[in-house]
Amino acid sequence: MAYQHILVPVDGSQISFSAVKQAAEIAKVFGSQLTLISLVAEDPLKDADFYYTSPIMKDYFIQAYNNAEKALQDAVQIAQEQGITAQSKIIKGEVSEDAVVEAAASLKNDLIVMGSHGRKGFQKFLLGSFAQDVLKSTELPVLIVKA
């Protein structure tokens with residue numbers, strides 16, 4: 001199966017950068033388009049009305065956006081090192097598996113490549129697995145790159 005448009009969620013971690021490298025290699029083989037996304041929680045305290053005027057929350061939004069931009073710049077550079085020109089996009093809203101699945105649908109992706117930290121046991125119970133949640137929430141093929 002040839003993939004036409006690959007999506008990689010990037011969070012700035014080394015494992016997400018490993019996923020970018022793997023996706024770029026696949027894109028090179030198939031001549032695929034590569035899109036990198038970073039999710040930014042636009043409204044983490046949507047039910048609290050005090051934080052809109054708080055300088056702390058304003059700084060949080062600015063820093064979160066800057067972190068996402070930096071992660072995507074680094075990821076684009078990794079793709080370029082593999083000979084692939086990648087598009088990047090910050091997705092504002094909820095940081096969830098639904099946001100990744102919705103992005104994949106709106107961008108018309110046919111493969112999602114994600115990193116997974118490979119947590120096990122109690123750590124997995126406490127922290128969960130974002131990659132596993134995406135895998136359960138989509139009908140698209142998902143390639144999991146492990147740490």
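Below, the structure is looked at part by part. Predicted model, so just to flag it, every value in this text is computed and none were measured. (Residues numbered from 1 in each chain as written. Predicted model: local features only at pLDDT ≥ 70, side-chain atom pairs only at ≥ 80, totals over all residues. Heavy atoms only, no water.)

**Section: the nonpolar core**
Counting 29 residues, the largest nonpolar core has I6, V8, V10, V20, L34, L36 and V113 as the members making the most contacts within it. Secondary-structure elements contributing two or more residues to this core are β1 (5-9), α1 (14-30), β2 (33-41), α2 (55-81), β3 (86-93) and β4 (111-116). Leaving out residues up to four positions away in the same chain, V20 has contacts with V8, V10, L36, A75, I78 and A79. (Core = buried A, V, L, I, M, F, W, Y, C linked by side-chain atoms within 4.5 Å. Buried < 20%, exposed > 50% of the residue type's maximum accessible area, 1.4 Å probe, protein only. Helix = DSSP H or I, 4+ residues; strand = E, 2+ residues; numbered from the N terminus. Contact = heavy atoms within 4.5 Å.)

**Here we look at the sheet that holds strand β5 (residues 142-146)**
Strand order in the open sheet formed by five strands is β3-β2-β1-β4-β5, and the pairing between neighbours is parallel. The open sheet has two edge strands with one neighbour each: β3 and β5. Within this sheet the neighbouring strands show an average axis-to-axis angle of 25°, counted without direction. Sheet analysis places β4 next to β5, joined by five bridges and oriented parallel. Its bridge partner being in β5, M114 is matched across the sheet by I144. Sitting on the sheet, α1 is in contact with β1, β2, β4 and β5, with an inclination near 170° to β1. (Pairing = 2+ DSSP bridges. Axes fitted to C-alpha atoms, helices over the stretch in contact; angles between N-to-C directions.)

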